[in-house]
Amino acid sequence: MSRKRNPRPRRVTVTRYETADGRRCAKADPGARKVATTSESYYLFLPPKAKGGKRRCVPLGTADLAVAWRKARQVLEDEHNEELGILSDAGRQAARPIAEHVEEWLAGVAAGGAQAARVALLRARVTRLIALAGWRRIGDIRKSSCEAALAALKDEAASGVKGLGVGRGKGASAQTRNHYLAHARQFCAWLAADGRAGGNPLATVRRANVAVDRRHDRRCPGEDDVRVLFAHLGGQQAGHPPRVRRTMTGPHRALAYQVAMCAGLRAGELRRLTRASFDLAAGEVRVTAASDKARKRRAQQLPRWLCDKLAAWFGGGGAAWGGLAPDGLGEMLRADLAAARAGWLAEVPEGTPERQAREASAVCAYEAASEDGPLYLDVHALRHWFVTQIASTDGISPATLQAMARHSDPRLTLETYSHPRRADARAAVERLPRLDGG
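Criteria and thresholds
Residues numbered from 1 in each chain as written. Predicted model: local features only at pLDDT ≥ 70, side-chain atom pairs only at ≥ 80, totals over all residues. Heavy atoms only, no water. Salt bridge = Lys/Arg side-chain N within 4 Å of Asp/Glu carboxyl O. Helix = DSSP H or I, 4+ residues; strand = E, 2+ residues; numbered from the N terminus. Buried < 20%, exposed > 50% of the residue type's maximum accessible area, 1.4 Å probe, protein only. Core = buried A, V, L, I, M, F, W, Y, C linked by side-chain atoms within 4.5 Å. Contact = heavy atoms within 4.5 Å. Disulfide = S-S within 2.5 Å. Pairing = 2+ DSSP bridges. Axes fitted to C-alpha atoms, helices over the stretch in contact; angles between N-to-C directions.

**Topic: the pattern of salt bridges**
- This model, assessed by the stated rule, comprises 20 salt bridges.
- The partner of E104 in a salt bridge is R196, and the shortest N-O contact between them spans 2.6 Å. In this pair, E104 is assigned in helix 3 (residues 98–111) and R196 in the loop between helix 7 (174–193) and strand 4 (217–218), connecting sequence segments 92 residues apart.
- Judged by relative accessible area, which is 31%, E104 ranks as partly exposed.
- A salt bridge links D224 to R227; the shortest N-O distance between them is 3.3 Å. Here the residue D224 and the residue R227 both occupy positions in helix 8 (residues 223–233), the gap between them amounting to three residues, near one helical turn.
- When its relative accessible area of 48% is taken as the criterion, R227 is described as partly exposed.

Written out as structure tokens, the structure is:
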């Protein structure tokens, strides 16, 4: 009497027919040649659950035979327990709706100190990707369906997402789609680390090429932008006094922009500052761990002239900038730039060459044209100004620059935030030796 043997891990061989130039064709086509390809990883083939059904193919996800055997034994044990009505922990987790796993993951993210807005963003993006991919259980998560969902985000009608980087009739940019992928990977990594999944099925999904789909590139404020903006906020433009915006006067807003530029603060960090955040005697502004992107407490240095201005402002009863809405600072800067540019243009009569030159320039323009597309001067561009100025300082080391920018990757500091300045390039060129013997 023969003994029934358990299925063993096997590599899969796929056979196809190709023409001489490598194109796929039918077996009966003239010149067709047989091509066999064997998979690197192992699979386990199980008998059908119902009579007349097809064999089931279970990917073991490894090219190591010893590991494949261990996974195969676990699969067979789970199959046996399922027949007896006993579900393993992995089986119980696999049977639950994926939305329950998402909420438990987000609860852990919140417990780790993430802000409510961050948790809400993660929930919105991961939930939307799950809906587009059609995942109902964690076992449904596949690389192919994830790639299809990311492709659907490019289509405004298919995505149906507003206010999360998808909209304006263009669909999601490459950068936004990469954010969706990164958050989904975080969720899958948590599933694997918590023993709910055997691995991260999205680990090999390729990121989109951001260079060919830029939507919001920033420009570094130039000397003229800085001069005109702060002249307007200081009331130095005749006939164009600064308006009060969100209860903040022009000098109040000017101090906010100057602190952001001289400390390299992000918008969320700036609007959480209070009087207690400043140690003016030490020349520092402290960013709390709750505000910092990397969740670390930081102390950013401030120039002495700004400390003196802040001391006079706070000494006169002035307040900081806490309580601003998330988009409040950006809206104020955009309005201030428009008002400053209008006042600067009005200084010169219309129709004159000087007026035409000013109108053609990008001074205090929120959106400026370039060969690679529009460039924006928003609140985060003030941080670009800070990094660019520090990077241009003689003797600054890359490590110091990275620490002052508070970046985990030095390439981000040098490649994205540090903008080459025309004056520096001009000075460098003039130092080149002459080649004509003169």
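Next comes the rest of the description.
**Thoughts on the nonpolar core**
- Ranked by size, the top nonpolar core spans 44 residues in total, and within it Y257, V259, L270, F278, L310 and W321 carry the most contacts.
- Contributing elements (two or more residues each) for this core: helix 8, helix 9 (250–263), strand 6 (284–287), helix 11 (304–315), helix 12 (328–346) and helix 14 (379–391).
- When residues of this core are assigned to their parent elements, the largest contribution, nine residues, is made by helix 9.
- In contact with L270, not counting residues within four places along its chain, are A256, V259, A260, L265, W321 and L329.
- Counting residues in hydrophobic clusters, the runner-up holds 26 residues, among them I130, A133, L150 and C188.

**A closer look at the state of the cysteines**
- For the structure shown, the criterion picks out zero disulfides.
- Left unpaired, C307 is separated from the closest cysteine sulfur, that of C262, by 9.5 Å.

**What to know about the sheet that holds strand 6**
- With respect to topology, three strands assemble into an open sheet ordered 5-6-7, the strand pairing being antiparallel. Single-partner strands in this sheet number two, and they are strand 5 (278–279) and strand 7 (298–301).
- Pairing geometry for strand 5 and strand 6, over two bridges, is antiparallel. Bridging from a neighbouring strand, D279 pairs with E284 of strand 6.

**Focus on the sheet that holds strand 2 (residues 33–46)**
- Taking strand neighbours across the sheet as the criterion, the three strands line up as 1-2-3 in an open arrangement whose pairing is antiparallel. Looking at the sheet topology across the chains shown, the edges are occupied by strand 1 (10–18) and strand 3 (56–59). Between one strand axis and the next, the sheet turns through 55° on average, direction left out of account.
- Across four bridges, strand 2 lies against strand 3 in antiparallel orientation. What sits directly across from L46, in strand 3, is R56.

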